[in-house]
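For reference, the chains in residue letters:
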Amino acid sequence: MNLNEKIITEIESLVENSSLNKNSKYGFSYFESPLVGFASINNPLFSDYKNIIGDFHYHPKEFFEPPPADGTVIVWVLSVNEEVRKSNAKEDRFPSLYWALQREYGERFNMLIRKHIQEYMKESGYNAVSPMLSYKWKRLDNTKVGLASTWSERHAAFAAGLGTFSLSDGFITRRGIAHRCGSVVTDAVLDVHESEYGDHRENCLFFNNIAECGECISRCPAGAITENGHDKSLCDRYTYNTIRRLRGDYYNVETTGCGLCQTAVPCEYSLPFKE
Ligand code: SF4
Ligand code: SF4
């Protein structure tokens, strides 16, 4: 087994066996088996992101001191479990209880995967940083792309060829749009699979001329998605203020998420067209 395969096995094993991927009260898992991708830290997309997102967005080399000549970004995509997706698909104003529990406790489990893979790479003899665990990770307001952060795991997933962006600003993989991403940057030089997409929104029906869609537009109770794209500020206000105020205590969570535009849509759990 090479190191790529060992890393994939580590992540798969955590998803399958960790008690933190399960809600003990209601007996469901947050995530199904993951997709895992690898991008070179020398992939030119990471330099392009400085222009596309902003200079504040870190190049993977900038997580190390001194920066390594070569290395890899390890990225995983955790598909939201069917039971959770189906519960959210029935909702039209607020996320379901199961979705909110997945957002709160599933993301804590995702943090554990980030820490585990970071330490696994160090124990394997390499330097490694999970950007979301780094003091360099920050959310920023009022950038040229609106709300943003200093490291985007979805952009790392795009560089690793795991999927493309969507009208709703989601990320559509071959397992769909309802998921959470994670990443670790390392100076280990692993086998990589670069993005083969011709367009950064190729997997979204709205942009690929296969069929008309836009179903996420009517799924959004905040009016944050239009034919012109996704208004991050409206989405953020609805998700972190309105839903938090009206459902946070009721669900007994700090962060409810929303995900209505990721469920009951053609791209929920697969590509919205045949490959
Ligand atoms: S619902 Fe349709 S338009 Fe919206 S992201 Fe999915 S494929 Fe694209
Ligand atoms: S996550 Fe944001 S864009 Fe999607 S339905 Fe909720 S408020 Fe609308």
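Going by the structure above, here's the rest.
A quick note: this is a predicted structure, and the numbers were derived from the prediction, not measured.

Draft legend 1. Fine view of the overall build of the protein. For the protein, the count of helices and strands is eight helices and twelve strands. Considering only C-alpha atoms, the protein reaches an extent of 50 × 40 × 40 Å along its principal axes. Each of the 275 residues in the protein was classed as buried or not, and the buried ones make up 53%. Just so you have it, the protein exposes about 13100 Å², and 47% of that area is on carbon and sulfur atoms. Of the side chains in the protein, 30 bear a positive and 36 a negative charge, and the two mean positions are spaced by 6 Å.

Draft legend 2. Just the site of ligand 1, in detail. Taken together, the residues surrounding ligand 1 are Ser-166, Ser-168, Cys-204, Leu-205, Phe-206, Cys-213, Gly-214, Cys-216, Val-265, Pro-266 and Cys-267. Judged by the proximity of its atoms to the pocket grid, ligand 1 belongs to the largest cavity. Here the shell around ligand 1 is composed, by residue class, of eight nonpolar, three polar and no charged.

Draft legend 3. Structural detail: the packing of helix α1 (residues 3–17) against helix α4 (residues 97–123). With their axes 11 Å apart at the nearest point, α1 and α4 run at an angle of 150° to one another. When the interaxial angle is binned, α1 and α4 end up roughly antiparallel. For the pair α1 and α4, the crossing hand works out as right-handed. Mapping the contact onto sequence places Leu-3, Lys-6, Ile-7, Glu-10, Ile-11, Leu-14 and Val-15 in α1 and Phe-109, Leu-112, Ile-113, His-116, Ile-117, Tyr-120 and Met-121 in α4. Of the residues assigned to the contact of α1 with α4, the class counts are eleven nonpolar, one polar and two charged.

Draft legend 4. Here's a closer look at the packing of aromatic side chains. Under the defined criterion, the tally for this structure stands at 13 aromatic pairs. Centre to centre, the rings of Tyr-26 and Tyr-98 are 5.6 Å apart; their planes meet at 50°, and the pair counts as tilted. Of the two residues, Tyr-26 is situated in the loop between β1 (22–23) and β2 (28–29) and Tyr-98 in helix α4; the sequence distance between them amounts to 72 residues. Judged by its relative accessible area of 34%, Tyr-26 is partly exposed. Aromatic side chains Phe-206 and Phe-207 sit 5.3 Å apart centroid to centroid with 80° between the ring planes, which places their arrangement in the edge-to-face category. Accessibility expressed as a relative area gives 27% for Phe-207, which makes it partly exposed.

Draft legend 5. Representation of the environment of Arg-103 within the structure. Tracing the backbone shows Arg-103 in helix α4. On the basis of relative accessibility, which here comes to 16%, the residue Arg-103 falls in the buried class. With 153 residues separating them along the chain, Arg-103 and Thr-256 place their C-alpha atoms 6.0 Å apart. Those residues in contact with Arg-103 that lie beyond four places of it in its chain are Arg-180, Tyr-240, Thr-255, Thr-256 and Gly-257.

Draft legend 6. Local environment of the pairing of strand β6 (residues 139–143). Where β6 lies against strand β7 (residues 146–149), three bridges are found, and the strand directions are antiparallel. Its bridge partner lying in β7, Thr-143 is registered against Gly-146. Here β6 folds back onto β7, and the loop between the two strands holds two residues.

Draft legend 7. Focus on the nonpolar core. Membership of the largest hydrophobic core comes to 31 residues, with the highest contact counts inside it found for Ile-7, Ile-74, Trp-76, Ile-113, Ile-117 and Met-121. Taken together, the elements giving at least two residues each to this core come down to α1, β3 (35–40), β4 (72–79) and α4. Element by element, the count of residues in this core is highest for α4, at nine residues. Leaving out residues up to four positions away in the same chain, Ile-117 has contacts with Ile-7, Glu-10, Ile-11, Ile-74, Trp-76 and Val-184. Core analysis: the next-biggest nonpolar cluster, separate from the first, contains 24 residues, Ile-41, Val-129, Leu-162 and Phe-171 among them.

Draft legend 8. Fine view of the side chain of Gln-102. Its location among the elements puts Gln-102 in helix α4. Other than its neighbours up to four places away in sequence, Gln-102 contacts Tyr-30, Phe-31, Val-80, Val-84, Glu-107 and Arg-180.

Draft legend 9. Structural view of the pattern of salt bridges. In this structure the tally under the stated criterion is twelve salt bridges. Glu-153 serves as the salt-bridge partner of Arg-114, at 2.8 Å between the closest nitrogen and oxygen. Here the residue Arg-114 occupies a position in helix α4, and Glu-153 occupies one in helix α5 (residues 153–159), the gap between them amounting to 39 residues. With respect to burial, Arg-114 and Glu-153 carry one shared label: buried. The closest approach of N and O atoms between Glu-254 and Arg-244, which form a salt bridge, is 4.0 Å. In this pair, Glu-254 sits in the segment after α8 (232–251) while Arg-244 sits in helix α8, placing the two residues ten residues apart along the sequence. Take Glu-254: its relative accessible area is 55%, and that puts it in the exposed class.

Reading guide: rules and limits
- Residues numbered from 1 in each chain as written.
- Chains lettered and ligands numbered in written order.
- Predicted model: local features only at pLDDT ≥ 70, side-chain atom pairs only at ≥ 80, totals over all residues.
- Heavy atoms only, no water.
- Helix = DSSP H or I, 4+ residues; strand = E, 2+ residues; numbered from the N terminus.
- Buried < 20%, exposed > 50% of the residue type's maximum accessible area, 1.4 Å probe, protein only.
- Areas by Shrake-Rupley, 256 points an atom, 1.4 Å probe, with all protein chains shown as cover.
- Lys, Arg positive; Asp, Glu negative; His and termini not counted.
- Charge placed at Lys NZ, Arg CZ, Asp CG, Glu CD.
- Near = heavy atom within 4 Å.
- 1 Å grid on protein atoms, 1.4 Å probe; cavity = no way out; pocket = protein on both sides within 12 Å on 5 of 7 lines; lining within 4 Å.
- Sits in = over half its atoms within 2 Å of the grid points.
- Nonpolar A, V, L, I, M, F, W, Y, C, P; charged D, E, K, R; others polar.
- Axes fitted to C-alpha atoms, helices over the stretch in contact; angles between N-to-C directions.
- Parallel < 35°, antiparallel > 145°, perpendicular 65-115°, else oblique.
- Left-handed = near helix turned anticlockwise from the far one by under 90°.
- Contact = heavy atoms within 4.5 Å.
- Phe/Tyr/Trp six-rings, centres within 6.5 Å; stacked < 30°, edge-to-face > 60°.
- Pairing = 2+ DSSP bridges.
- Core = buried A, V, L, I, M, F, W, Y, C linked by side-chain atoms within 4.5 Å.
- Salt bridge = Lys/Arg side-chain N within 4 Å of Asp/Glu carboxyl O.

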